[in-house]
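Here are the chains, one letter per residue:
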Amino acid sequence: MEPADSTPKLLLHTCCGPCATAVIEQLTPRFEIECFWYNPNIQPEAEYQRRLEGMRVVAEAAALPLIEAEYDEAGWEAAITGLQQEPEGGWRCQVCFKYRLQRTAQHAAEHGFTHFATTLGVSPYKNVKGINTIGEQYAQQLGLSFVAENFRKRNGFQRSVQLSRELHLYRQNYCGCRYSQRD
Ligand code: SF4
């Protein structure tokens, strides 16, 4: 179904194809969505390409545009300098979330979106409240609305597993950076 003219435009930061599946399903009735791929935290590059390919499959299946932003690995490494030894869930991850959501919010503000959101909170390993707080801060700075929902509700994570199977998506076994792979 074509969105009505009054349907708000939402830029959806997608961390990977599997997490994107369930969030797209939840948001599609309410928003005109474009997906935004900005994940310079994913290492090595072969893994980055593998996850991006999965996201392309999801966007195509949902008939949604997918914007592929740059693989700014050096910029991301610079941002987390000094935090390499942090455990997963610690300060390095806060900086990592900020890095990706700031770029997403900037793109949304510059391209006529009224809303943005992220799939980052689908994983049970992530702090949804912390992610939503970061999103709301950038939204406030840039005059946007951030969809601060917990997409794990209504079986969001289980639904992402089910939809990933249906689409034969690769499901990674570490968060993304080489430090999470190490740990
Ligand atoms: S563990 Fe995940 S969220 Fe944390 S810094 Fe690494 S890639 Fe980012």
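Treat the numbers as computed from the prediction; the structure is a model and nothing was measured.

(A) Examining the overall build of the chain more closely. Along its length, the chain carries 7 helices and 5 strands. In the chain, the succession of α and β elements from N to C terminus is β-α-β-α-β-α-α-β-α-β-α-α. Computed over C-alpha atoms, the radius of gyration of the chain comes to 15 Å, within 12% of the 16 Å expected from 2.2 N^0.38 for 183 residues, which places it in the range of a compact globule. The principal-axis extent of the C-alpha atoms belonging to the chain is close to 50 × 40 × 30 Å. Across the 183 residues of the chain, 39% fall into the buried class. Considering only contacts within the chain whose residues lie at least 6 apart along the sequence, 73% involve residues at least 24 apart.

(B) Structural view of the site of the ligand. Within the structure, the ligand sits among N41, E88, R92, C93, C96, C175, G176, C177, Y179 and S180. The set of elements that each furnish at least two residues to the shell around the ligand consists of α4 (91–110) and α7 (178–182). Broken down by element, the shell around the ligand gets its largest block of residues, 3 residues, from α4. Of the residues in the shell around the ligand, the class split is 5 nonpolar, 3 polar and 2 charged.

(C) View of the nonpolar core. Core analysis: the largest hydrophobic core is formed by 41 residues, its most contacted members being L10, L12, A20, V23 and F116. Within the residue set of this core, elements represented by two or more residues are β1 (9–13), α1 (17–27), β2 (32–37), α2 (45–62), α4, β4 (115–118) and α5 (128–142). At 7 residues, α4 tops the list of elements feeding residues into this core. Sequence-distant contacts of V23, defined by excluding residues within four places in its chain, comprise L12, T119, V122 and F151.

Thresholds applied
- Along each chain, the written sequence defines residue order, and numbers are assigned to residues from 1.
- Side-chain atom pairs in this predicted model are given and counted only at pLDDT of 80 or more, local residue features only at pLDDT of at least 70, and totals for whole chains, interfaces and linings cover all residues.
- Each helix corresponds to a stretch of at least 4 residues labelled H or I by DSSP, and each strand to a stretch of at least 2 residues labelled E; elements are numbered beginning at the N terminus.
- In this description the radius of gyration comes from C-alpha coordinates, and the expected globular size is given by 2.2 Å times residues to the power 0.38.
- The burial criterion counts other C-beta atoms lying within 10 Å of a residue's C-beta, which is placed from the backbone; the residue is buried at 20 or more, exposed at 12 or fewer, and partly exposed between these limits.
- Residues are defined as contacting one another if the C-beta atoms placed from their backbone atoms lie within 7 Å.
- Near, for a residue, is defined by distance from a backbone-placed C-beta atom to a molecule or strand, with 6 Å as the limit that must not be exceeded.
- The nonpolar class holds Ala, Val, Leu, Ile, Met, Phe, Trp, Tyr, Cys and Pro. Asp, Glu, Lys and Arg form the charged class, and all remaining residues, Gly among them, are polar.
- What we call a nonpolar core is a set of buried Ala, Val, Leu, Ile, Met, Phe, Trp, Tyr and Cys residues whose membership is set by joining through C-beta atoms within 7 Å.

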